[in-house]
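Chains, contacts and geometry: an overview
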Amino acid sequence: QVQLVDSGGRLVQAGGSLRLSCAASGRSVSAWCMGWFRQAPGKEREFVATITWTGGRTAYADSVKGRFTISVDNAKNTVYLQMNSLKPEDTALYYCATGPTGGNVAITPKSYAYWGQGTQVTVSS
């Protein structure tokens, strides 16, 4: 079993920055990857960013490239999502997730076995 606790979401003005955190505990996940997804009201959950726990591979949704950065601190078993130049359309409930992807990054929710509880990000215009 793996437990994920995501945090860091809050209300922020457009153009501002936030850093989300996701702390993992339980079994070793060193061979897995971590992803961030988001879901806005009335919309499907969408991929945001992903990284292997070794930090060697990353992938981003086109909508966040150049603005968001995903990183991992293996010593703390924590993954971060640095979000800059936030836009109102970034408003959503953000979830972290992890799963056994064979050392590869993954952009589909079905690749992930464990999910955090979600942290709300609201960007005001």
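Residues numbered from 1 in each chain as written. Predicted model: local features only at pLDDT ≥ 70, side-chain atom pairs only at ≥ 80, totals over all residues. Heavy atoms only, no water.

So, on to the overall build of the protein. Along the protein, the regular secondary structure elements total zero helices and 11 strands. Along the protein, helices and strands appear, N-terminal first, in the series β-β-β-β-β-β-β-β-β-β-β. Taking 125 residues into account, the globule formula puts the C-alpha radius of gyration at 14 Å, and the protein, at 13 Å, falls close to it. Dimensions along the principal axes, computed over C-alpha positions, put the protein at roughly 40 × 25 × 25 Å. Each of the 125 residues in the protein was classed as buried or not, and the buried ones make up 43%. Considering only contacts in the protein between residues 6 or more positions apart, those separated by 24 or more positions represent 59%. A total of about 6,100 Å² of accessible surface is found on the protein, and carbon and sulfur atoms cover 48% of it. Each charge sign in the protein was given a centre, from 12 positive and 7 negative side chains, and these centres are 4 Å apart. (Helix = DSSP H or I, 4+ residues; strand = E, 2+ residues; numbered from the N terminus. Rg over C-alpha atoms; globule rule 2.2 N^0.38 Å. Buried < 20%, exposed > 50% of the residue type's maximum accessible area, 1.4 Å probe, protein only. Contact = heavy atoms within 4.5 Å. Areas by Shrake-Rupley, 256 points an atom, 1.4 Å probe, with all protein chains shown as cover. Lys, Arg positive; Asp, Glu negative; His and termini not counted. Charge placed at Lys NZ, Arg CZ, Asp CG, Glu CD.)

The four strands lie next to each other as E1-E3-E8-E7, forming an open sheet whose pairing is antiparallel. Unpaired on one side and paired on the other, strand E1 (2-7) and strand E7 (68-73) mark the two borders of the sheet. Averaged over neighbouring strand pairs, the angle between their axes works out to 15 degrees when direction is ignored. The sheet contact formed by E7 and strand E8 (residues 78-83) spans six bridges and is antiparallel. Looking across to E8, one finds that Asp73 is bridged to Thr78. (Pairing = 2+ DSSP bridges. Axes fitted to C-alpha atoms, helices over the stretch in contact; angles between N-to-C directions.)

The next subject is the pattern of salt bridges. Per the stated rule, a full pass over the model turns up four salt bridges. With its nearest N and O atoms 2.7 Å apart, the salt bridge here joins Arg67 to Asp90. Here Asp90 lies in the loop between E8 and strand E9 (92-99) and Arg67 lies in the loop between strand E6 (58-60) and E7, a separation of 23 residues in the sequence. Accessibility classification places Arg67 together with Asp90 in one group, the buried group. Within this structure, Arg38, Glu46, Arg67 and Asp90 form a network of salt bridges that share partners. (Salt bridge = Lys/Arg side-chain N within 4 Å of Asp/Glu carboxyl O.)

Most of strand E5 (residues 46-52) is tucked away: six of the seven residues are buried. Note: strand E4 (residues 33-39) against E5, six bridges, orientation antiparallel. Paired with Met34 across the strands is Ile51, a residue of E5. Hairpin remark: E4 followed by E5, antiparallel, with six residues in the connecting loop; positive phi at Gly42, about 80 degrees. Note: E5 against E6, three bridges, orientation antiparallel. By the bridge assignment, Thr50 is partnered in E6 with Ala59. Connecting E5 to the antiparallel partner E6 that follows it, the hairpin turn spans five residues, and Gly55 within it adopts a positive phi of roughly 80 degrees.

Here we come to the side chain of Ser21. Structurally, Ser21 is set in strand E3 (residues 18-26). Since its relative accessible area comes to 16%, Ser21 is described here as buried. The residues touching Ser21, leaving out its near neighbours within four places in the chain, are Val5, Asp6, Ser7, Trp36, Thr78, Val79 and Tyr80.

The quantities given are spatial measurements derived from coordinates; they are silent on function.
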